[in-house]
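# Structure at a glance
These are the residues of each chain, in order.
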Amino acid sequence: ALAAGKLDEVEMRLLAGRAGLNRAQNSDRVWQLNNHFGFLPIVFIAFSSLLVYWFVFQRWLVISGADIITHAAFAGMIGAVLRSLYWLQFQTGKGLLRPRWFTSFIVAPPIGAIFGWLVSLLVKAAAQAVSKGAVETDWRTVSLLAAFAGFKWQWALGWLEETARSIQSRMKDKTPAKPKS
């Protein structure tokens, strides 16, 4: 029908196919629970966050209580969880949640923790470089930037790229020129 130029017929068949898909999906209660309320992604986010909490903070860093709250990696993880929940409500509100996106809900908390930690290192290093000595950074400021890095990955990546370019240019400036023979 498409090759013959019968666009009205093609459109009717596409609409009939979409209606059939909607009927099939809406008959499945699990699909409705997941697509309309995002149940499974919430489980994935919670599981991944608990796994990061246990592995990073309890086993690797061995910190607990108030020390966790003031750690930049924790703030980054919280930012990533917020990002995931925001994106989930946005997609379920439109009814467009797709199973292939579930991986992003699983990897968001660890990525947020990593970005939070990296941004905290950058902030602390920049503060020391500017003050030309040891300086104590406010954990609230660092945590705010770490949470934002966990929420807005593109911003954190851009900041890391800019820092890498700056370091590379300074290293090129400091390398001695080869003597001419």
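Preceding this paragraph is the structure being described.
Residues numbered from 1 in each chain as written. Predicted model: local features only at pLDDT ≥ 70, side-chain atom pairs only at ≥ 80, totals over all residues. Heavy atoms only, no water.

## A few points about the side chain of Gln91
Quick reminder of the rule: Helix numbering and strand numbering both begin at the N terminus, where a helix is a DSSP run of H or I of at least 4 residues and a strand a DSSP run of E of at least 2. Two residues qualify as a contact provided that any one of their heavy atoms is within 4.5 Å of a heavy atom in the partner residue.
Mapped onto the secondary structure, Gln91 falls in helix H5 (residues 72-94). Sequence-distant contacts of Gln91, that is, excluding residues within four places in its chain, are made with Leu96, Leu97 and Trp101.

## Here's the deal with the nonpolar core
The criterion, for reference: As used in this record, nonpolar core signifies buried Ala, Val, Leu, Ile, Met, Phe, Trp, Tyr and Cys residues forming a set joined through side-chain atoms within 4.5 Å. Note on exposure labels: buried denotes an accessible area under 20% of the residue type's maximum, exposed denotes more than 50%, and partly exposed covers the range between, all computed with a 1.4 Å probe on protein chains only.
The biggest cluster of nonpolar side chains holds 12 residues, and these are Ala72, Ala75, Ala80, Ala108, Phe115, Val119, Val123, Val142, Ala146, Ala149, Trp153 and Ala156. Contributing elements (two or more residues each) for this core: H5, helix H6 (102-131), helix H7 (139-151) and helix H8 (153-174). Here this core gets four residues from one element, more than from any other, and that element is H6. Counting residues in hydrophobic clusters, the runner-up holds nine residues, among them Val52, Ile68, Phe74 and Met77.

## Remarks on a nonpolar patch on the surface
Heads up, the condition is: Patch membership requires over 30% relative accessible area and the absence of a salt bridge. Like charges are linked within 9 Å, and nonpolar side chains (Val, Leu, Ile, Met, Phe, Trp, Tyr) within 5 Å. Each accessible area value is a Shrake-Rupley result obtained with a 1.4 Å probe; residue values ignore everything except the protein chains displayed when judging cover. By convention in these notes, a salt bridge is any Lys or Arg side-chain nitrogen within 4 Å of a carboxyl oxygen on Asp or Glu.
Together, Phe47, Leu51, Tyr53, Trp54 and Phe55 line one region of the surface with nonpolar side chains, adding up to about 540 Å² of accessible area. Following the sequence through the fold, Leu51 ends up in helix H3 (residues 39-60).

## Points about H5
Basically, it comes down to this: To estimate the expected span of a helix, subtract one from its residue number and multiply by 1.5 Å.
Here H5 spans 33 Å end to end across 23 residues, near enough to the 33 Å set by a 1.5 Å rise per residue. Phi turns positive, to about 70 degrees, at Gly95, one or two residues after H5.

## As for the pattern of salt bridges
All chains considered together, the criterion is met by four salt bridges. The residue Arg13 makes a salt bridge to Glu9 at a minimum N-O spacing of 2.7 Å. Of the two residues, Arg13 and Glu9 both sit in helix H1 (residues 7-26), four residues apart, roughly one turn of that helix. Assessed through its relative accessible area of 56%, Arg13 is described here as exposed. Between Glu162 and Arg165 there is a salt bridge, and its shortest N-O distance comes to 3.1 Å. Note that Glu162 and Arg165 are positioned in helix H8 at a spacing of three residues, about one turn of the helix.

## Here's the deal with the packing of aromatic side chains
Heads up, the rule is: Between rings of Phe, Tyr and Trp, where Trp is taken as its six-membered ring, a pair exists when centres lie within 6.5 Å; planes separated by under 30 degrees are stacked, by over 60 edge-to-face, and by other angles tilted.
Under the criterion given, the structure shown has 10 aromatic pairs. On the numbers, 6.4 Å between centres and 45 degrees between planes, the contact of Phe102 with Phe105 is tilted. Here Phe102 and its partner Phe105 are both found in helix H6, three residues apart, which amounts to about one turn of the helix. Residue class for Phe102 comes out buried when judged on its relative accessible area of 9%.

## Thoughts on H7
Selection rule: The directions considered for the arc run from the helix axis to the C-beta atoms.
The end-to-end C-alpha separation of H7 is 18 Å, in line with the 18 Å expected for 13 residues at 1.5 Å each. Of all the positions in H7, only Val142, Ser143, Ala146, Ala149 and Gly150 are classed as buried. Buried positions in H7, seen along its axis, are confined to an arc of 120 degrees and lie on one side of it. Exposed residues on H7 whose side chains face more than 90 degrees from its buried face are Arg140 and Leu144. Buried residues belonging to H7 abut helix H4 (66-69), H5, H6 and H8.

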